[in-house]
Amino acid sequence: MPASRRALLIAAAAGGLAAGCGTDSPPPSGSPPAGGAGTAGGGTPPPAGDPPPSGQVATSPTVGPVAVRRTTFASTARGRPVDMVVVAPTPAGAGELPVCLVLHGRGDNADRAVGLLGLDAHLTAALATGTAPFALVTLDGGETYWHRRASGDNPEVMIIGEVLPRLAAQGLRTDRIAAAGWSMGGYGALLLARRHPGLVVAVAASSPAMWHSYRASAPGAFDSSADFTEHAILGTPPVPGVAYRIDCGDADPFSSVSREAADALQAQERNFGPGGHTPAYWSAAIPAQLAFLGRQLARAARAPGRTGG
């Protein structure tokens, strides 16, 4: 499909790739991947623990055609301050850009997610090749596996009741969104689509952390067997109207369940080949994922009956 005039203008403004802007780099060789979430056999996830949010609101300088905006808000749903980072093309007209939520893996947070995978650089490159423009939004999810927990921590309500209204107030489209993520966040993106049909139109999941039983799951991923069953993805059919892409390396402990999910969800796109449960693999998958998500968001915007965000 020919690129839109706006996409071409953005591409013309791109002078090259931006450097990663997060505070952390990928872990050194031999250390556990930051997004690790156990193994398909129930292995223990790597040590994790989000540092406390800074409590500050900051905006980075514009990098090429992409700007990175960091904000902090008090989340009632999570009972704590939460960081949110918007990576978006500039200039962006009000109401023009759809949204893709990027859900981080266990042990990461909103700010680190940007630098860990180089989201600003990848979005810059995608726009330069004609991908329809949209915004990437990362947010703090702690180690909740992106669902309501017995502690009262509820990242799902945070997304629906706190994050999306804030994005809409910034002029972004939030009536139909996409979701992406890796490991814990890959599972979370698939779960968000299942629990909110009609809102999520596309999912790109890298190495989604999933298990066949509560006993096999990573410690702390679920509160109980009932919690596991209520939030299961494996063995469920695709959500009508949702387009799926799943990426996973052959050396990843979640390779088998990722293939199983890709079949059950009738994924429109899938990528299985060399690679492990590492930031390097997840970053390498992003260009194709962004192209996929851009096409699906553009399709949703043209769908009959669409209302403004």
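Not measured: the values here are computed from a predicted model.

Enquirer: Help me get a handle on the overall build of the protein chain, residues and values and all.
Expert: Counting its regular elements, the protein chain contains eight helices and nine strands. Within the protein chain, buried positions represent 54% of all 309 residues. Across the protein chain, contacts joining residues at least 24 apart in sequence account for 75% of those joining residues at least 6 apart. Taken as a whole, the protein chain presents about 12,000 Å² of accessible surface, with 56% of it coming from carbon and sulfur.

Enquirer: Can you explain the environment of P65? Please cite residues and give values.
Expert: Relative to the elements of secondary structure, P65 occurs in the loop between β1 (58–59) and β2 (66–75). On a C-alpha basis, the gap between P65 and L127 in space is 8.5 Å, while along the polypeptide they are 62 residues apart.

Enquirer: Just give me the short version of the pattern of salt bridges, but keep the residues and values in it.
Expert: Taken as a whole and judged by the stated rule, the model has 13 salt bridges. With its nearest N and O atoms 2.8 Å apart, the salt bridge here joins D247 to R245. Taken individually, D247 and R245 each receive the classification buried, so the pair is uniform in this respect. Linked through salt bridges whose partners overlap, the residues forming this network are R245, D247, E269 and R295.

Enquirer: Quick one: what's the story with helix α4 (residues 155–169), residue by residue and with numbers?
Expert: Every α-helical turn comprises 3.6 residues, leaving residues that sit three or four positions apart pointing alike. For α4, with 15 residues, the first-to-last C-alpha span of 20 Å sits near the 21 Å given by 1.5 Å per residue. The sharpest bend along α4 measures roughly 35 degrees and falls at V163, with the proline P165 sitting one to four residues further on. Restricting attention to buried positions, one finds in α4 the residues P155, E156, M158, I159, E162, V163, L164 and L167. Where the residues of α4 are buried, they touch β2, β3 (80–89), β4 (99–103), β5 (135–139), β6 (177–182) and α5 (184–195). If you check the start of α4, you find a side-chain oxygen 3.3 Å away from the backbone N of E156, and it comes from N154. Just beyond α4, the residue with positive phi is G171, at close to 90 degrees.

Enquirer: Can you tell me about the packing of helix α3 (residues 119–128) against helix α8 (residues 279–302), naming the residues and giving the values?
Expert: As a packed pair, α3 and α8 sit with axes 10 Å apart at the nearest point and diverge in direction by 35 degrees. The handedness of the crossing between α3 and α8 is right-handed. Listed contacts from α8 to L119, H122, L123 and A126 of α3 are S283, I286, P287 and L290. Of the residues contributing to the contact of α3 with α8, the split by class is six nonpolar, two polar and no charged.

Enquirer: Describe the packing of aromatic side chains, with residues and values.
Expert: Across all of its chains, the model carries eight aromatic pairs by this definition. Plain terms: the ring middles of Y145 and Y187 are 6.3 Å apart, the flat faces sit at 55 degrees to each other, and that makes the pair tilted. Here Y187 lies in helix α5 and Y145 lies in the loop between β5 and α4, a separation of 42 residues in the sequence. There is no split in this pair, since Y145 and Y187 are both buried. On the basis of an interplanar angle of 40 degrees and a centroid distance of 6.1 Å, the ring pair of Y145 and F222 is categorised as tilted. Here the residue Y145 occupies a position in the loop between β5 and α4, and F222 occupies one in the loop between β7 (200–206) and α6 (225–230), the gap between them amounting to 77 residues. Taken together through their ring pairs, the aromatic side chains of Y145, Y187, W211, F222, F228 and F254 make up a single cluster.

Enquirer: Requested: an account of the confidence of the model for the protein chain, with residues and values cited.
Expert: Mean pLDDT over the protein chain works out to 82, with 76% of the residues at or above the 70 mark. Across residues 1–63, where pLDDT falls below 50, the model places 146 contacts with residues more than four positions away in sequence or in other chains.

Enquirer: Pulling in residues and values, what's your account of the side chain of R149?
Expert: Summarising the element assignment, R149 is placed in the loop between β5 and α4. One polar contact links the side chain of R149 to the main-chain carbonyl oxygen of A221, over a distance of 3.3 Å. Ignoring anything within four residues of it in the chain, the contact list for R149 reads E143, T144, G220, A221, F222, D223 and D227.

Enquirer: Break down the pairing of β4 for me, citing the residues and quoting the values.
Expert: Buried residues dominate β4, accounting for five of its five residues. Bridge analysis of β4 against β5 gives four bridges, and the strand direction is parallel. When the bridges of β5 are listed, C100 appears paired with L136. Summarising the sheet, β4 and β6 pair through four bridges and their orientation is parallel. Note that in β6 the partner of L101 across the bridge is A179.

Enquirer: Now, about the pairing of β2: what can you tell me, with residues and values included?
Expert: Most of β2 sits inside the fold, with seven of its 10 residues counted as buried. In terms of strand pairing, β2 meets β3 through 10 bridges, oriented antiparallel. When the sheet's bridge partners are listed, S75 is paired in β3 with R80. A loop of four residues connects β2 with β3, the two strands running antiparallel in sequence, and G79 in this loop sits at a positive phi of about 65 degrees.

Conventions and cut-offs
- Position numbers for residues count from 1 along each chain, tracking the sequence in the order it is written.
- It should be noted that, the model being predicted, local features are given only for residues of pLDDT at least 70 and side-chain atom pairs only at 80 or more, the latter also being counted only at that level, while totals for whole chains, interfaces and linings use all residues.
- Processing note: side-chain calculations cover all non-hydrogen atoms of the structure and skip hydrogens and water entirely.
- Only DSSP runs of H or I reaching four residues or more are called helices, and only runs of E reaching two or more are called strands; each is numbered from the N terminus.
- Burial classes: relative accessible area under 20% of the type maximum marks a residue as buried, over 50% as exposed, and values in between as partly exposed (1.4 Å probe, protein chains only).
- Working rule for contacts: check all heavy atoms of both residues, and any pair within 4.5 Å makes them a contact.
- The accessible surface values rely on the Shrake-Rupley method and a 1.4 Å probe; as for residues, cover is taken only from the protein chains in view.
- Whenever a carboxyl oxygen of Asp or Glu lies within 4 Å of a side-chain nitrogen of Lys or Arg, that contact is scored as a salt bridge.
- By this rule, a helix spans an expected 1.5 Å times one less than how many residues it contains.
- To get the bend at a residue, fit one axis to the 7 residues ending there and another to the 7 starting there, then take the angle between the axes.
- What qualifies as a polar contact is a pair of N or O atoms within 3.5 Å, subject to a donor-acceptor requirement within protein and to the restriction that residues adjacent in sequence count only when both atoms come from side chains.
- Between the N-to-C directions of two axes lies an angle of 0 to 180 degrees, each axis being a line fitted to C-alpha atoms and, for a helix, fitted only over the stretch in contact.
- Handedness of each helix crossing follows the sense of rotation of the near helix against the far helix: counterclockwise by less than a right angle gives left-handed, clockwise gives right-handed.
- Three classes are used, and their members are as follows: Ala, Val, Leu, Ile, Met, Phe, Trp, Tyr, Cys and Pro are nonpolar, Asp, Glu, Lys and Arg are charged, and the others, Gly among them, are polar.
- Aromatic pairs are defined between Phe, Tyr and Trp rings, using the six-membered ring for Trp, whenever the two ring centres lie within 6.5 Å; interplanar angles under 30 degrees are classed as stacked, those over 60 as edge-to-face, and all others as tilted.
- pLDDT: the predictor's confidence for each residue, scored from 0 to 100.
- A strand pair is defined by DSSP finding two or more bridges across the two strands.

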